[in-house]
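# Structural overview for review
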Amino acid sequence: MAPANDLHRTLGELAAQITGDPSVRLTHSCTACGSSEHGRPVLLSSAGAFGVSLSRPRTGALGVVAVCRDSTLGIDLETAGAAAFPHFETVAVHPREHCPDDDARTLLWVRKEALLKAHGTGLITHPRSIRLAPDGTVLEGPAATILDVDLGPEWTCAVAVLQPGASRENIRVIRS
């Protein structure tokens, strides 16, 4: 697994490409205390701030970085079938959702994690309080546009963007 600074370096390189500004720098913003030493990563450049999110599964050597010029976003990544554990439904599934198999459970999980990261709450917001349609549309819970990311059959990945009607053109996702 690549060290966290590899993802940060990759993020900086990607941000410089997108903005055309080599002065871009990574900082953080903690929603709880306002610190720039920890919390959600933020990219600053002479062009302004950019939404950014990083994710890496507990197992595997892949990490992903997502950057959006126009909005706050969150990304989550898991190995395929990672949500195949006892009592998953009591942890993550809204009473009106249905997950027929491990792949559907994992997709639901990464979509909800991406959504919570985008809103900056993480698991402070209980995943069961969020209800998603089978296509990822938020039916109950904080608003966002959720886009699935195809990284191959071993991985399940989703990006949540707070900009209404966001499309893939607004977002860059890279593997590291």
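Note on numbering: residues in each chain are counted from 1, in written sequence order. Two thresholds apply to this predicted model, a pLDDT of at least 70 for residue-level local features and 80 or more for giving and counting side-chain atom pairs, whereas whole-chain, interface and lining totals are computed over all residues. In computing side-chain values, all of the structure's heavy atoms are included and hydrogens and water are not.

Further remarks concern helix α3 (residues 102–119). Each helix is a run of DSSP H or I of at least 4 residues and each strand a run of E of at least 2, with the numbering of both proceeding from the N terminus. Multiply 1.5 Å by the residue count of a helix minus one, and that product is the helix's expected span. Taking 1.5 Å as the rise per residue, α3 with 18 residues should run 26 Å; its terminal C-alpha atoms sit 26 Å apart, in good agreement. Along α3, the positions that sit buried rather than exposed are Arg 105, Thr 106, Leu 108, Trp 109, Val 110, Arg 111, Lys 112, Glu 113, Ala 114, Leu 115, Leu 116 and Ala 118. Put simply, Asp 101 is the residue that caps the front of α3, since its side-chain oxygen is 3.2 Å from the backbone nitrogen of Asp 103. Positioned one or two residues after α3, Gly 120 has a phi angle of 80°, which is positive. The rule is simple: take the accessible area with a 1.4 Å probe, protein chains only, and divide by the maximum for that residue type; under 20% is buried, over 50% is exposed, in between is partly exposed. Counted as a polar contact is a pair of N or O atoms within 3.5 Å, where, for protein atoms, one must be capable of donating a hydrogen and the other of accepting one, and residues adjacent in sequence contribute only when both atoms are in side chains.

Attention now moves to the environment of Arg 131. By the element assignment, Arg 131 lies in strand β6 (residues 131–132). For Arg 131, a relative accessible area of 14% puts it in the buried group. For Arg 131 and His 94, which are 37 residues apart along the polypeptide, the C-alpha to C-alpha distance reads 5.6 Å. Residue contacts are counted whenever heavy atoms from the two residues lie within 4.5 Å of one another. Look past the residues within four positions of Arg 131 in its chain and what remains in contact with it is His 94, Arg 96, Glu 97, Thr 137, Val 138, Leu 139 and Glu 140.

Detail in the predicted coordinates should be disregarded across regions flagged by low pLDDT. On a scale of 0 to 100, pLDDT captures the predictor's confidence in every residue. Per-residue confidence for the chain gives a mean pLDDT of 82, with 83% of residues at or over 70. By mean pLDDT, strand β10 (residues 171–175) is the weakest element of the chain at 68, and β6 is the strongest at 98.

Within the secondary structure layout, Arg 96 lies in the loop between α2 (88–92) and α3. Accessibility expressed as a relative area gives 59% for Arg 96, which makes it exposed. Each C-alpha atom of the pair Arg 96 and Arg 131 lies 7.2 Å from the other, and the pair is 35 residues apart in sequence. Discounting residues that sit within four places of it in the chain, Arg 96 has contacts with Arg 131 and Glu 140.

Attention shifts here to the packing of aromatic side chains. Only centres within 6.5 Å qualify two rings of Phe, Tyr or Trp (six-membered ring in Trp) as a pair; their planes then separate them into stacked at under 30 degrees, edge-to-face at over 60, and tilted for everything else. Enumeration according to the criterion identifies two aromatic pairs in this entry. Note on Phe 85 and Phe 88: the rings are 5.5 Å apart at their centroids and 85° apart in plane angle, and the pair reads as edge-to-face. Taking relative accessible area as the criterion, Phe 85 reaches 38% and is therefore assigned partly exposed. Put simply, the rings of Phe 85, Phe 88 and Trp 109 touch in pairs and so form one group of aromatic residues.

A few words now on the nonpolar core. Phe 88, Leu 115, Leu 132, Ile 146 and Ala 160 are the most contacted members of the largest nonpolar core, which totals 19 residues. Mapped onto this core, the elements with two or more residues apiece are α2, α3 and β9 (155–161). Here the element with the most residues in this core is α3; it accounts for seven residues. Apart from residues lying up to four places away in sequence, Leu 115 is in contact with Ile 130, Val 138, Pro 142, Ala 143, Ala 144, Ile 146 and Ala 160. Only buried Ala, Val, Leu, Ile, Met, Phe, Trp, Tyr and Cys residues count toward a nonpolar core, and they belong to the same one when joined by side-chain atoms within 4.5 Å.

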